[in-house]
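# Analysis of the macromolecular model
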Amino acid sequence: MEGRTTSQGTACSSDPFFISADAGAPDRRSTGNGRQCNVADMGITPATEEGHMIINGQPEDIATPLSVDELIARGMHPWICLCYGNDLYTESAKQVFGAVGCPPIFTDEEKTAWTNYVRATVRHFAGRVTHYEIWNEPDGKWCWKHGVSAEEYGRFAHDTAKAIREVSDDAFIIGGSVCMIWDLSYMDTALSAGMAGSVDAVTFHEYTADETALYTHVPALEALIHLHDPKIRLIQGESGSQSRSDGCGALAGGAWTPERQAKQCLRHAVADLSTDVL
């Protein structure tokens, strides 16, 4: 399948499938290079990396996976998810491991630190990374811990996109990263609050054992987004399942096996291709 292009260039590489490599907390930099090697050998080229805000936004203080160059060397095209908070600036973040779900949106000090982090990250990866995603699952209380607010996220996405553009005019900016794609009111409010006109694409996550609902939810989500800005593309940012029933994750506890995992992956791939998402 040929890569789809936008005014910002190629939205994704020629292969529409992605692997996500989570950095974990700022002091956990292992990203599972073995898994990345395997998928690179399979010809899967785009990859997402999850960065973390840390210290004063100086290049040497950016806590991101150390595998970006390795991914690129293997022919993969990483994007970076800009998140999360920092307990140096947000008091409530001191009670949360890795400051996950603590957006820096309340004080001028928080906002300045975040802007510095974003600018430094984009500058640090200039020439290597062009795609940046703003936060992770802000519509979930686990990632917006003080209380989910679409209006807050919309303004936050707008301000973050502005900081990215100040460093890189041609960056491809991704907003949303929503996990409840059926909640159109959240997306409508976030777009109205500033995300529309600021991002090139919106991502959604689809952790479900039954993919048939996607044939209704995804077109509805896309139609709503295009009411605000018809140029915004829709990207499936996360999907999948476990290969066994224990452990943790969105679909933990299911009677998963490697075979069922593979079948679920294929069904979701068909759903994504059928609904024409990236």
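What this report covers is the structure whose coordinates are included nearby. Please read all numbers here as calculations on a predicted model, not as lab measurements.

Thresholds applied
Residues numbered from 1 in each chain as written. Predicted model: local features only at pLDDT ≥ 70, side-chain atom pairs only at ≥ 80, totals over all residues. Heavy atoms only, no water. 1 Å grid on protein atoms, 1.4 Å probe; cavity = no way out; pocket = protein on both sides within 12 Å on 5 of 7 lines; lining within 4 Å. Points joined across faces, edges and corners; volume = space filled by probe spheres on them. Helix = DSSP H or I, 4+ residues; strand = E, 2+ residues; numbered from the N terminus. Nonpolar A, V, L, I, M, F, W, Y, C, P; charged D, E, K, R; others polar. Expected span 1.5 Å × (residues − 1). Buried < 20%, exposed > 50% of the residue type's maximum accessible area, 1.4 Å probe, protein only. Arc of directions from axis to C-beta. Salt bridge = Lys/Arg side-chain N within 4 Å of Asp/Glu carboxyl O. Contact = heavy atoms within 4.5 Å. Core = buried A, V, L, I, M, F, W, Y, C linked by side-chain atoms within 4.5 Å. Disulfide = S-S within 2.5 Å.

### With respect to the layout of surface pockets
Space inside the second largest pocket adds up to approximately 220 Å³. Taken together, P104, I105, F106, K111, W114, T115, E152, R155, F156, D159 and T160 form the lining of the second largest pocket. Contributing elements (two or more residues each) for the lining of the second largest pocket: α3 (108-124) and α4 (150-167). When residues of the lining of the second largest pocket are assigned to their parent elements, the largest contribution, 5 residues, is made by α4. Among the residues forming the lining of the second largest pocket, the class breakdown is 5 nonpolar, 2 polar and 4 charged.

### So, helix α6 (residues 214-228)
In a regular helix each residue adds 1.5 Å, so 15 residues correspond to 21 Å; α6 covers 21 Å between its end C-alpha atoms and thus fits that length. Within the sequence span of α6, burial applies to L214, V218, L221, E222, L224 and I225. On an axial view of α6, the arc spanned by its buried residues comes to 160°, and they lie on one face. Residues of α6 that are exposed and angled more than 90 degrees away from the buried face: T216 and L227.

### What about the pattern of salt bridges?
Under the definition given, this model contains 9 salt bridges. Notably, a salt bridge pairs K94 with E91, separated by 3.2 Å at the nearest N-O pair. Salt-bridge contacts for R155 lead to E151; the nearest nitrogen and oxygen are separated by 3.0 Å. One end of the pair, R155, and the other, E151, are both in helix α4, 4 residues apart, so they sit about a helical turn from each other. On the basis of relative accessibility, which here comes to 44%, the residue E151 falls in the partly exposed class.

### Brief notes about the side chain of S177
Tracing the backbone through its elements, the reader meets S177 in strand β7 (residues 172-178). Apart from the residues lying within four places of it in its own chain, the contact partners of S177 are E133, W135, N136, E137, P138, D139, T203 and H205.

### Quick look at the nonpolar core
Ranked by size, the top nonpolar core spans 46 residues in total, and within it W135, Y153, M187 and M195 carry the most contacts. When contributions to this core are tallied by element, the ones reaching two or more residues are β5 (77-82), α3, β6 (131-134), α4, β7, α5 (184-195), β8 (201-205) and α6. When residues of this core are assigned to their parent elements, the largest contribution, 7 residues, is made by α4. Formed by 6 residues, the second largest nonpolar core is a distinct cluster that contains W79, I174, I235 and L278.

### Points about unusual backbone geometry
Excluding glycine, residues mostly have negative phi values, and the peptide bonds linking residues are mostly trans. In this structure, Y84 follows C83 across a cis peptide bond, with omega equal to -10°. In this fold, Y84 is placed in the loop between β5 and α3. Phi is positive for A99, close to 55°, though the residue is something other than glycine. Inspection of the secondary structure puts A99 in the loop between β5 and α3. Relative accessible area serves as the criterion here: at 5%, A99 is assigned to the buried category. The backbone of S177 shows a phi angle near 50°, a positive value even though the residue is not glycine. The buried category is assigned to S177, whose relative accessible area is 0%.

### Let's talk about the state of the cysteines
In this structure the tally under the stated criterion is 0 disulfides. Among the cysteines around C83, which has no disulfide bond, C81 carries the closest sulfur, lying 3.8 Å off. Assessed through its relative accessible area of 0%, C83 is described here as buried.

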